[in-house]
Amino acid sequence: MNARGHRASAEHDTIFALASGRGRAGVAVVRVSGPDADDALAALPPQPLPDERVAVLRTIFGVTNGDKIDEALVLRFPAPRSYTGEDVVEYQVHGGPAVVSALLQQLGRISGLRMAEPGEFTRRAVENGQLDLTQAEAIADLVDAETEAQRRQAIRQLGGSLGELYEKWRGELIRSAAWIEATIDFPDEEIPQDALDASRRAIADIANEMQSHLKDGRRGEILRDGFHVAVIGSPNAGKSSLVNALAQRDVAIVSDIPGTTRDVLEVRLNLKGYPVILSDTAGLREGRDPIEQEGIRRAHARAKEADLRLVVLDGTAGDRPRGLGGDIEILSKADLTPDRREPGLWVSAKTGEGLTELVDLLAQHAEASMQAGEAPVLSRARHRLAVEQAERLLRDALVASAPELAAEHLRLALTQIGRITGRVDLDELLDVVFRDFCLGK
Ligand SMILES: Nc1nc2c(ncn2[C@@H]2O[C@H](COP(=O)(O)OP(=O)(O)OP(=O)(O)O)[C@@H](O)[C@H]2O)c(=O)[nH]1
Ligand SMILES: [Mg+2]
């Protein structure tokens with residue numbers, strides 16, 4: 001076990017994989033991690049190891065037939081100062097698929113080496129205490145980030161801000177738990193009352209902090225997943241045309257036959273740095289056939305789930321449906337309606353009139369529900385569930401009728417928090433803190 005209580009991975013085998021993207025590219029990166037990484041480097045071909053952390057140009061030869069594979073830049077990152085915390089070797093080769101597969105094949109022929117499973121490098125980084133789980137998630141988010149705001153959130157989380165907050169809570173709770181456990185384990189000792197009072201106050205403070213941490217309008221999760229906008233309205237109102245115009249692509253079928261759209265169709269947009277997912281839906285009316293009825297049922301369901309409902313009203317129609325439960329209403333087909341008596345945002349999918357204003361409006365709504373302040377935000381439902389349960393358990397601990405019960409609630413709360421960052425080695429930590437606080441001083 002290392003300082004953070006994670007098992008050192010000396011018993012791990014050595015793994016390798018393409019670390020960069022698939023397909024042809026100028027350069028591809030192949031990573032090798034594990035105790036045999038250096039030996040593998042020294043085997044292709046047999047020659048002394050380069051200095052650590054210095055890029056060196058090497059000609060790579062096959063182990064079996066001595067065939068020249070490629071000229072590569074190689075880098076060594078000896079443990080523990082590497083991504084995984086193990087010995088790591090990286091090859092930068094020319095990014096052709098045949099080059100990459102030849103190198104992977106050669107590595108596979110070295111005994112003790114095997115292909116990495118998806119995510120295995122990062123998993124080892126977590127196991128070796130290089131990253132906590134929230135940081136591992138942040139790496140996945142950073143790789144997936146499509147917009148500026150997503151990138152900012154991921155990089156902040158990678159910096160450890162979220163993990164640090166949870167670790168701070170965990171550290172304080174462990175102290176409080178230690179005092180309460182002391183009253184149980186050492187009933188004859190004099191446990192200072194003000195220490196117990198301070199513990200209770202700390203628990204109450206953290207429960208309140210958790211409460212406000214949870215009251216964030218799901219902004220971190222929305223930013224990760226995208227802000228969902230359901231486009232709803234009557235058949236033929238121009239919903240699909242509008243979605244196509246906003247996406248600047250011909251994604252949805254448009255026709256003058258009412259009831260054209262049946263399925264829910266999603267397009268991802270980047271509106272001023274914010275990820276927005278538009279859902280085109282079936283026009284709402286009494287469905288004519290079972291398929292259309294199912295489409296309408298899906299439209300209602302999507303509207304309910306969405307973060308925002310954009311109602312498209314047919315600008316050319318005399319009577320317009322009201323009460324569709326929209327957050328924003330727009331009037332369509334502005335180009336066909338030169339004589340507009342009705343106030344509102346008029347939009348034309350055909351001429352582009354009003355689209356800039358609509359994009360601004362959507363971006364404003366997206367920004368308002370995603371923009372984060374300086375405080376670290378929950379970015380996954382997994383975090384939210386754990387914090388919710390932990391808060392409840394802390395409140396239970398505060399009103400518990402006996403110290404044994406309070407201690408049990410606290411332990412469960414600690415486990416919940418520990419699960420978020422991946423640090424659940426509670427007993428060990430409790431022992432350490434307990435020794436410091438209650439016995440040895
Ligand atoms: N001139 C003009 N025609 C439009 C505009 N928007 C839509 N239309 C026409 O209106 C008709 C219906 O458009 P759609 O986009 O298919 O309407 P919808 O709301 O998706 O209809 P459903 O899928 O049936 O619910 C088509 O003939 C479009 O070409 C517009 O801005 N200007
Ligand atoms: Mg449609």
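Higher on the page you've got the structure.
Residues numbered from 1 in each chain as written. Chains lettered and ligands numbered in written order. Predicted model: local features only at pLDDT ≥ 70, side-chain atom pairs only at ≥ 80, totals over all residues. Heavy atoms only, no water.

Notes on the overall build of the protein
Rule in force here: Numbering of helices and strands runs from the N terminus; a helix is a DSSP stretch of H or I covering at least four residues, while a strand is a stretch of E covering at least two. Put simply, the radius of gyration uses C-alpha atoms, and a globule should come to 2.2 Å times the residue count raised to 0.38. Whether two residues touch is decided by their heavy atoms; if any such pair falls within 4.5 Å, the residues are in contact. Computed with a 1.4 Å probe, the accessible areas rest on the Shrake-Rupley method; for each residue, only the protein chains presented here act as cover. The charge count treats Lys and Arg as positive and Asp and Glu as negative. His and the chain ends do not count. Where a charge lies is defined by one atom per residue type: Lys uses NZ, Arg uses CZ, Asp uses CG and Glu uses CD.
For the protein, the count of helices and strands is 14 helices and 12 strands. In terms of overall size, the protein is more extended than a compact globule, its C-alpha atoms giving a radius of gyration of 29 Å where 441 residues would be expected to give roughly 22 Å. Principal axes of the C-alpha set define a box for the protein whose edges measure 85 × 75 × 40 Å. The long-range fraction of contacts in the protein, counting pairs at least 24 apart against all pairs at least 6 apart in sequence, stands at 60%. Looking at the protein as shown, the accessible area adds up to about 22100 Å², and 51% of this sits on carbon and sulfur atoms. Side-chain charges of the protein comprise 54 positive and 70 negative groups, with the mean position of each set lying 4 Å from the other.

Brief notes about helix H11 (residues 355–370)
Stated formally: One fewer than the residue count of a helix, multiplied by 1.5 Å, yields its expected span. Residue burial is assigned from relative accessible area. The probe radius is 1.4 Å, only protein chains are included, and a residue is buried under 20% of its type maximum, exposed over 50%, and partly exposed in between. Starting at the helix axis, one direction is taken to each C-beta atom, and the arc is that of these directions.
Helix length check: H11 (16 residues) gives 22 Å between terminal C-alpha atoms against 22 Å at 1.5 Å per residue, within 8%. Among the residues of H11, those classed as buried are Leu-355, Leu-358, Leu-362, Ala-363, Ala-366, Ser-369 and Met-370. Angular distribution of buried residues about the axis of H11 spans 130 degrees; they occupy a single face of the element. Away from its buried face by more than 90 degrees, H11 exposes Thr-356, Gln-364 and Ala-368.

Describing the sheet that holds strand S7 (residues 227–233)
The condition is simple: For two strands to be treated as a pair, DSSP must find at least two bridges joining them. Between the N-to-C directions of two axes lies an angle of 0 to 180 degrees, each axis being a line fitted to C-alpha atoms and, for a helix, fitted only over the stretch in contact.
One open sheet holds the six strands; their spatial order is S8-S9-S7-S10-S11-S12, and the pairing between them is mixed. Looking at the sheet topology across the chains shown, the edges are occupied by strand S8 (265–271) and strand S12 (345–346). With seven bridges connecting them, S8 and strand S9 (residues 274–280) associate as antiparallel partners. Of the residues in S9, the one forming a bridge with Asn-270 is Pro-275. Running at roughly 140 degrees to S7, helix H10 (residues 290–305) makes contact with S7, S8, S9 and strand S10 (308–313) of the sheet.

Description of the site of ligand 1
In plain terms, the rule: By convention in this text, a residue qualifies as near a molecule or strand provided that one of its non-hydrogen atoms is within 4 Å of it. N or O atoms within 3.5 Å of each other form a polar contact, as long as, within protein, one can give a hydrogen and the other can take it, and as long as residues adjacent in sequence are counted only when both atoms are side-chain atoms.
In the vicinity of ligand 1 lie 23 residues, with Lys-239, Ser-241, Gly-259, Thr-260 and Asp-335 positioned nearest. At a separation of 3.2 Å, an oxygen atom of ligand 1 approaches a polar backbone atom of Gly-283.

As for the nonpolar core
Using the following cut-off: In plain words, nonpolar cores are sets of buried Ala, Val, Leu, Ile, Met, Phe, Trp, Tyr and Cys residues tied together by side-chain atoms within 4.5 Å.
In this structure, Tyr-166, Trp-169, Met-210, Val-387, Leu-394 and Leu-410 are the most contacted members of the largest nonpolar core, which totals 33 residues. Broken down by secondary-structure element, the contributors of at least two residues to this core are helix H6 (161–185), helix H7 (193–214), helix H12 (381–398) and helix H13 (403–421). Counting residues per element, this core draws most heavily on H6, at 10 residues. What Trp-169 contacts, discounting residues up to four positions off in sequence, is Ile-206, Glu-209, Met-210, His-213, Val-387 and Ile-417. Ranked by size, the runner-up nonpolar core spans 30 residues in total, among them Ala-245, Leu-310, Ile-328 and Leu-362.

Thoughts on the side chain of Gln-157
Within the secondary structure, Gln-157 sits in helix H5 (residues 148–158). Its relative accessible area of 3% is what places Gln-157 among the buried residues.

Focus: the sheet that holds strand S3 (residues 56–61)
The sheet built from six strands is open, its strands ordered S3-S4-S5-S2-S1-S6 with mixed pairing. Because the sheet does not close on itself, it has two edges, and the strands there are S3 and strand S6 (113–115). Neighbouring strand axes in the sheet, compared pairwise and without regard to direction, differ in orientation by 30 degrees on average. With three bridges connecting them, strand S1 (residues 14–18) and S6 associate as parallel partners. By the bridge assignment, Thr-14 is partnered in S6 with Leu-113. The strands touched by helix H3 (residues 120–127) are S1, strand S2 (25–33) and S6; relative to S1, the strand with the most contacts, the crossing angle is about 135 degrees.

Focus: the pairing of S9
The buried fraction of S9 is high, at seven of seven residues. Residues Tyr-274, Val-276, Leu-278 and Asp-280 point to one face of S9 and Pro-275, Ile-277 and Ser-279 to the other, with burial holding for every one of them. Bridge count for S7 against S9 is five bridges, and the pairing is parallel. Each bridged residue has a counterpart across the sheet, and for His-228 the counterpart in S9 is Ile-277. The hairpin formed by S8 and S9 contains two residues between the paired strands, and Lys-272 there has a positive phi angle of roughly 55 degrees.

Some thoughts on unusual backbone geometry
The omega torsion across Ala-79 and Pro-80 is 0 degrees, close enough to zero to call that bond cis. Following the sequence through the fold, Pro-80 ends up in the loop between strand S4 (68–77) and strand S5 (88–95). Even without being glycine, Gln-248 reaches a positive phi, approximately 55 degrees. Residue placement: Gln-248 occurs in the loop between helix H9 (239–247) and S8. The class for Gln-248 is exposed, based on a relative accessible area of 72%. Unusually for a residue other than glycine, Lys-272 sits at a positive phi of about 55 degrees.

Remarks on the side chain of His-383
As for its placement among the helices and strands, His-383 is situated in helix H12. Residue His-383 is classed as buried on the basis of its relative accessible area of 0%. Excluding residues that lie within four positions of it along the chain, His-383 makes contacts with Thr-134, Glu-137, Gln-157, Leu-162, Tyr-166, Leu-378 and Ile-420.

Observations regarding the coordination of the magnesium ion (ligand 2)
Applicable threshold: Only nitrogen, oxygen and sulfur atoms within 2.8 Å of the metal, or 3.2 Å for Na, K and Ca, are treated as donors, and water is left out, so sites may look incomplete.
Those donors, Ser-240 (OG) and Thr-261 (OG1), are the protein atoms that reach the magnesium ion (ligand 2), and they lie 2.0 Å from it. Here Ser-240 is found in helix H9, whereas its partner Thr-261 is found in the loop between H9 and S8, with 21 residues between them in sequence. Neither residue differs from the other here; Ser-240 and Thr-261 are each classed as buried.

Overview of the pairing of S7
On a regular strand, each side chain points to the face opposite its neighbour's, so the side chains alternate between the two faces of the sheet. Along S7, six of the seven residues are buried, which leaves the element largely enclosed by surrounding structure. In this structure, S7 lies alongside S10, joined through five bridges in parallel fashion. Residue Ile-232 lies in a different strand from S10, and its bridge partner there is Val-311.

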